[in-house]
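The lines below spell out each chain.
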Amino acid sequence: MRWTLQPKPDVSIIKKLSQALNVDIIIASLLVQRGIETFDQAKKFFRPSFEDLHDPFLMKDMDFAVSRIEKAITQGENIMVYGDYDVDGTTSVALVSSYLKTLYTQIATYIPDRYDEGYGVSYKGIDYAHDNDISLIIALDCGIKAIEKVAYAKSKGIDFIICDHHRPGDQLPDAVAVLDPKREDCEYPYKELCGCGVGFKLIQALAVGQGQTIKDLVPYLDLVATAIGADIVPVTGENRVLAYYGLQVINTNPRIGFKAMISNVNKESLTITDVVFIIAPRINAAGRMKHGLHAVNLLTEENMETALQYAAEIELYNSERKDADKKITEEALTQIQSNREEGKNTTVVYEENWHKGVIGIVASRLTETYYRPTLVFTKSGEKLAASARSVKGFDVYSALDACSDHIEQFGGHKYAAGLTLLEEQYESFKQKFEEVVSSTIDKKLLVPEISVDMQIELEQITPKFYRILKQFGPYGPGNMTPVFITKELKDTGYAKCVGADEKHLKCRVEKNGKTIGCIGFNLGEKYNLIAKEQFFKAVYTIDENEWNGEVSLQLKLKDIN
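Residues numbered from 1 in each chain as written. Predicted model: local features only at pLDDT ≥ 70, side-chain atom pairs only at ≥ 80, totals over all residues. Heavy atoms only, no water.

A. A look at the pairing of strand 12 (residues 449-452). Side chains Ile450 and Val452 project from strand 12 onto a buried face, and the interleaved Glu449 and Ser451 project onto a face without burial. Relative to strand 12, strand 1 (residues 2-5) runs parallel, the two being bridged by four bridges. Residue pairing in the sheet places threonine 4 in a bridge with serine 451 of strand 12. (Buried < 20%, exposed > 50% of the residue type's maximum accessible area, 1.4 Å probe, protein only. Helix = DSSP H or I, 4+ residues; strand = E, 2+ residues; numbered from the N terminus. Pairing = 2+ DSSP bridges.)

B. Examining helix 6 (residues 123-131) more closely. Within the sequence span of helix 6, burial applies to Gly125, Ile126 and Ala129. Down the axis of helix 6, the smallest arc covering the buried residues is 100 degrees, so these residues share one side. Packed against the buried residues of helix 6 are strand 2 (78-83), strand 3 (107-110), strand 4 (134-140), helix 7 (147-155) and strand 5 (159-163). In the stretch just after helix 6, aspartate 133 is the one whose phi turns positive, near 60 degrees. (Arc of directions from axis to C-beta. Contact = heavy atoms within 4.5 Å.)

C. Geometry of the sheet that holds strand 9 (residues 383-389). Overall, mixed pairing links the five strands, which are arranged 7-8-9-11-10 in an open sheet. Every other strand in the sheet has two partners, leaving strand 7 (347-350) and strand 10 (409-412) as the edge strands with one partner each. Strand-to-strand twist across the sheet, computed as the mean angle between neighbouring axes with direction ignored, equals 15 degrees. Sheet contacts for helix 17 (residues 426-440): strand 7, strand 8 (374-380), strand 9 and strand 11 (416-421); angle to strand 7, the most-contacted strand, approximately 165 degrees. (Axes fitted to C-alpha atoms, helices over the stretch in contact; angles between N-to-C directions.)

D. Summary view of the environment of lysine 43. With respect to the secondary-structure elements, lysine 43 resides in helix 3 (residues 39-46). The exposed category is assigned to lysine 43, whose relative accessible area is 52%. Considered as a pair, lysine 43 and leucine 21 are 22 residues apart in the sequence and their alpha carbons are 9.2 Å apart.

E. Fine view of the nonpolar core. In terms of nonpolar packing, the biggest core is built from 94 residues, with Leu95, Ile138, Phe200 and Leu202 touching the most fellow members. At nine residues, helix 12 (residues 272-289) tops the list of elements feeding residues into this core. Of all hydrophobic cores here, the second largest spans 41 residues; its members include Ala28, Leu31, Phe472 and Leu489. (Core = buried A, V, L, I, M, F, W, Y, C linked by side-chain atoms within 4.5 Å.)

F. Spotlight on the packing of helix 5 (residues 87-100) against helix 13 (residues 293-300). Helix 13 packs onto helix 5 with a crossing angle of 45 degrees between their chain directions and a minimal axis gap of 9 Å. Taken together, the axes of helix 5 and helix 13 are oblique relative to one another. Read as a crossing pair, helix 5 and helix 13 show a hand that is right-handed. When helix 5 is examined against helix 13, the residues Thr90, Thr91, Val93, Ala94, Ser97 and Ser98 are found in contact with a partner set consisting of Ala295, Val296, Leu299 and Thr300. The residue makeup of the contact of helix 5 with helix 13, split by class, is five nonpolar, five polar and no charged. (Parallel < 35°, antiparallel > 145°, perpendicular 65-115°, else oblique. Left-handed = near helix turned anticlockwise from the far one by under 90°. Nonpolar A, V, L, I, M, F, W, Y, C, P; charged D, E, K, R; others polar.)

Here it is, written out as structure tokens:
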């Protein structure tokens with residue numbers, strides 16, 4: 001691990017903010033590191049408000065989208081709400097379809113089959129719409145590059161409204177409206193919405209015509225918060241407001257489908273991290289193992305008994321997903337060792353029978369073992385399909401672009417991508433990808449980095465300090481959980497390895513008379529560094545530990561040396 005200490009912000013700005021807010025220097029420093037330098041900025045940060053949401057009509061084409069939907073409702077047209085099969089796509093479809101159904105009955109939902117149709121707008125979906133006399137398709141979390149598909153739909157008398165958040169190509173589809181804050185000609189002030197966020201702006205705009213306010217739309221924010229967490233978009237600006245209130249909905253009055261999913265979770269209140277690791281994988285599992293429509297059905301169900309049945313099915317898919325992902329990861333690691341590829345700058349593995357629904361997860365798992373750009377291939381029809389994952393700071397999309405002579409098709413972004421190629425191209429692609437990465441990657445990027453906010457002492461970790469720190473949430477890109485470093489720590493003599501295979505490290509550290517408990521997941525192998533009262537330094541986050549009804553602060557160790 002590389003530990004990188006963040007540069008210390010301007011001391012005069014920190015002092016001024018500390019006095020204005022009546023908080024200590026550490027809290028003020030953390031705020032300035034996050035770009036918060038004034039009392040008003042801090043107020044917006046700590047007290048997100050619906051007033052900070054932008055007018056949805058600032059988004060290019062929003063007026064066209066709203067008038068086309070209103071026309072469809074007035075004229076009794078059939079409307080299809082179409083979305084991708086991942087969390088962002090399925091929550092988007094649940095959001096927009098359930099809102100539209102409060103206005104109108106003729107609403108169908110459609111999620112493409114991951115294996116049969118693949119990602120995004122499909123010809124099969126358009127044919128389904130045509131066969132069912134559907135004349136308007138609202139595409140969510142996809143469609144920004146579906147030039148030919150939208151033209152095909154138009155030839156069949158079907159209009160498209162596209163709600164996407166991916167970067168457009170040189171040409172936009174010929175749709176009635178293309179809602180995408182990343183359009184170059186779109187002046188919408190916040191560019192980092194997820195697909196479900198764009199869907200929310202659409203219903204916010206439709207609500208205006210219904211005489212509704214943002215308060216009427218609060219019940220939909222549990223879906224938006226889940227998509228924000230799962231899609232790893234920045235938790236800044238508008239996303240922060242939507243995630244903040246969405247978490248309140250999840251914890252106080254979630255939709256029936258959420259209640260069913262979390263009925264067995266023994267936690268008083270869920271954080272965005274819990275949403276990412278508890279709710280999102282279950283929603284995703286439907287599209288990975290069976291069909292994304294199962295997730296939409298659960299998220300829109302209003303009968304608790306039925307929702308519990310759906311949730312039990314999805315729990316089963318998630319369990320199958322875990323088994324598949326564990327098995328394939330083990331086989332992939334064996335393949336790397338058999339081919340003696342441990343020392344390469346890339347990981348590229350292939351097995352024709354690997355489950356296509358989990359190869360993205362497996363690619364992420366492999367980067368945890370060999371920290372380098374990774375591709376996992378499987379057979380998909382006549383071709384090979386892969387999921388790519390990168391390491392922090394390296395653009396895997398650009399690397400794939402440099403290998404395009406050996407690829408049939410690819411898409412994605414800096415840290416995650418997908419591609420297909422012919423089987424006979426596999427070896428030449430594998431070789432070229434290694435060459436491209438080896439010649440372009442900064443070698444330090446092949447060592448995992450922990451970004452550290454600042455150095456503090458144990459006596460500065462007080463209940464009051466932690467109470468303020470908790471208000472920094474919800475966390476995510478652009479506002480990560482603060483990471484601290486403390487030097488010259490010593491174990492009080494109770495350190496031990498715990499958990500299956502003794503993989504985790506539990507200890508209690510002391511400095512200057514102050515002691516505090518610690519847990520270090522996957523740090524069991526570092527036990528020798530702290531045994532026998534040796535001094536060591538640690539990087540960590542701070543959280544609460546509940547044991548026998550007692551709640552105490554603890555350090556969650558990220559690394560020690």
